[in-house]
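# Observations on the model geometry
What follows is the residue order along each chain.
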Amino acid sequence: MKSTQSVAVDGLRIHYVRAGQGPAVVLLHGSGSSLEGFERVAAQLSASYDVIRPDLPGFGRTGPRPDRDYRVRTYAGTVARFMTALQLPHFAVAGNSLGGNIAWNLALDAPERVDRLVLVNATGYPGKTLPAGLRLARNPLLRPLLRRWLPRRATERGLREAVGAHSAIVDDAMVDRVHALTGRPGNRAAFVDFANTDQPDRSAEIPRIAVPTLVLRSADVDGQYFARDIPGAQERVHAGGGHLLPEEDPDWVAAAIAEFLPRQENRR
């Protein structure tokens, strides 16, 4: 992987990788993940696009927010200011899981900046099944411990739960990478803060999204009604994928995104 760059936004340095030329597209990873989650998708898209992958606040190399504000709408504002810092007034945004939640909030709050929206197993509807890691971090007895320590086997168990039943991507290298990044200073405490943040329900606003939208979802992942609720949204369904589609089937995800995004001169 290329070495990361960083830029100051909201009192912290957001680390990111940028590659390629063309229309700008920012790829947002999910909770407990990092910019590596979109690495193989980005490698394909960078042939035609200016692809930016940040480590979101609280995760990866970026680390915890000084203000401990992990509301999704705050994340959306941070991403907007991050793209401003990179001098990109217009861009497409694609997000997986939490990253998708941030992406559609950004499309609601700054529609003049978002050219296209891609939601990959995005979250944001109430009643969606919580991943194991979030359930553990909400346990009042375990919270103090998880701020300081998480066994590697718990990382592996969470990853295996997140992928499709027949996925073989969870190997030692993946577990080691995720576990090491989760163990960076402040990240475990940030994850507990994130898991226990009261997230206002904005799902009733989803039908107001006017940005051209592509919904990529796995058939067995629940709580996804974006194609139903976003006017004119396109949808593709992956029959065998789990929650981590960009890592489970990067060819499928990259091809769908490339077909959806316009190929035009960058408007920077």
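Refer to the structure printed above.
From a predicted model like this one, the values you see are computed outputs, not experimental measurements. (Residues numbered from 1 in each chain as written. Predicted model: local features only at pLDDT ≥ 70, side-chain atom pairs only at ≥ 80, totals over all residues. Heavy atoms only, no water.)

A separate point is the side chain of Glu 248. Take Glu 248: it is sitting in helix H10 (residues 245-248). Arg 40 provides the closest opposite charge to the buried, salt-bridge-free Glu 248, at an N-O distance of 9.4 Å. In contact with Glu 248, not counting residues within four places along its chain, are Ala 162, Val 163, Gly 164, Ser 167, Ile 169, Gly 241, Gly 242 and His 243. (Helix = DSSP H or I, 4+ residues; strand = E, 2+ residues; numbered from the N terminus. Buried < 20%, exposed > 50% of the residue type's maximum accessible area, 1.4 Å probe, protein only. Lys, Arg positive; Asp, Glu negative; His and termini not counted. Salt bridge = Lys/Arg side-chain N within 4 Å of Asp/Glu carboxyl O. Contact = heavy atoms within 4.5 Å.)

Moving on: the packing of helix H2 (residues 72-85) against helix H3 (residues 98-109). At a closest axis distance of 8 Å, the pairing of H2 and H3 adopts a crossing angle of 70°. In this view, H2 runs roughly perpendicular relative to H3, as classed from their interaxial angle. Mapping the contact onto sequence places Val 72, Arg 73, Tyr 75, Ala 76, Val 79 and Ala 80 in H2 and Leu 98, Asn 101, Ile 102, Asn 105, Leu 106 and Asp 109 in H3. Of the residues in the contact of H2 with H3, the class split is eight nonpolar, two polar and two charged. (Axes fitted to C-alpha atoms, helices over the stretch in contact; angles between N-to-C directions. Parallel < 35°, antiparallel > 145°, perpendicular 65-115°, else oblique. Nonpolar A, V, L, I, M, F, W, Y, C, P; charged D, E, K, R; others polar.)

Moving on, we come to the sheet that holds strand S6 (residues 114-120). If you walk across this open sheet you meet the eight strands as S1-S2-S4-S3-S5-S6-S7-S8, and the pairing is mixed. Each edge of the sheet is formed by a strand with only one pairing partner; in this case those strands are strand S1 (5-9) and strand S8 (234-238). Mean inter-strand twist for the sheet, computed between neighbouring axes without regard to direction, equals 25°. Alignment of strand S7 (residues 213-218) against S8, held across five bridges, turns out to be parallel. Considered in S8, the bridge of Val 215 is made with Glu 235. Where helix H11 (residues 250-260) meets the sheet, its contacts fall on strand S5 (91-96), S6, S7 and S8, and the angle it forms with S7 comes to roughly 165°. (Pairing = 2+ DSSP bridges.)

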